[in-house]
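# Report on the structure
What follows is each chain in one-letter form.
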Amino acid sequence: MQLYGKTLKTLKTIVAAIDAEPDATRAMQAVVHQLKADLPDYTWVGIYLLYGNELVLGPFEGKPSPHTHIPLGRGICGAAAAEKATIIVDDVHADPRYLACSLDTQSEIVVPIMDDGNVLGEIDVDSDRPAAFGEADRELLEHVAACLATRLRESSWPA
Ligand code: SME
């Protein structure tokens, strides 16, 4: 699938922002901000970073989450990191792995940020709409994750 229209514009804006920001933290903040600003279904957007066997919440926009530290293998976030693969959940209430962040959340996508086979972190997006995420979202977020991985590597992340 090819990205087009507004989604392609969002990707181009984000790629430019990742390059332009002075450090990796600012680049991650810019990604989170632009995704939430451009895409109405993206109710909560955050980036988790992997430290050892634990995902630690970094920049995010949306309501504060109780899940600031998630062990590998726990929740949808921990599953995506353990499997090193994107996970899309159409109905979070039907998924026994789901760790609730907001009662309003209905669907979720988690995309690992990978560097040469290693997980650096992941992009997590929640939506208040059921089945909000499809192949265009996967493609967009996997492109963004690849660009972020390059930026994090250049910054020698984790420092
Ligand atoms: N729902 C996630 C936890 C993180 S919150 O959505 C911000 C999970 O099941 O891993």
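Definitions and limits used
Residues numbered from 1 in each chain as written. Predicted model: local features only at pLDDT ≥ 70, side-chain atom pairs only at ≥ 80, totals over all residues. Heavy atoms only, no water. Helix = DSSP H or I, 4+ residues; strand = E, 2+ residues; numbered from the N terminus. Buried < 20%, exposed > 50% of the residue type's maximum accessible area, 1.4 Å probe, protein only. Contact = heavy atoms within 4.5 Å. Pairing = 2+ DSSP bridges.

Residue position: Ala 131 is located in the loop between strand E6 (118–127) and helix H4 (135–154). Here Ala 131 falls in the partly exposed class, since its relative accessible area comes to 40%. In this structure, the C-alpha to C-alpha distance between Ala 131 and Leu 35, residues 96 residues apart in sequence, is 18 Å. In this structure, Ala 131 is in contact with Asp 90 and Ser 107, ignoring residues within four places of it in sequence.

Of all eight residues in strand E1 (residues 44–51), seven are buried; the element is thus mostly enclosed. Judged from the six bridges that link them, E1 and E6 form a sheet pairing that is antiparallel. Following the sheet pairing, Tyr 48 is matched in E6 by Glu 122. The turn linking E1 back onto strand E2 (residues 54–61) is made up of two residues, and Gly 52 within it adopts a positive phi angle of 65°.

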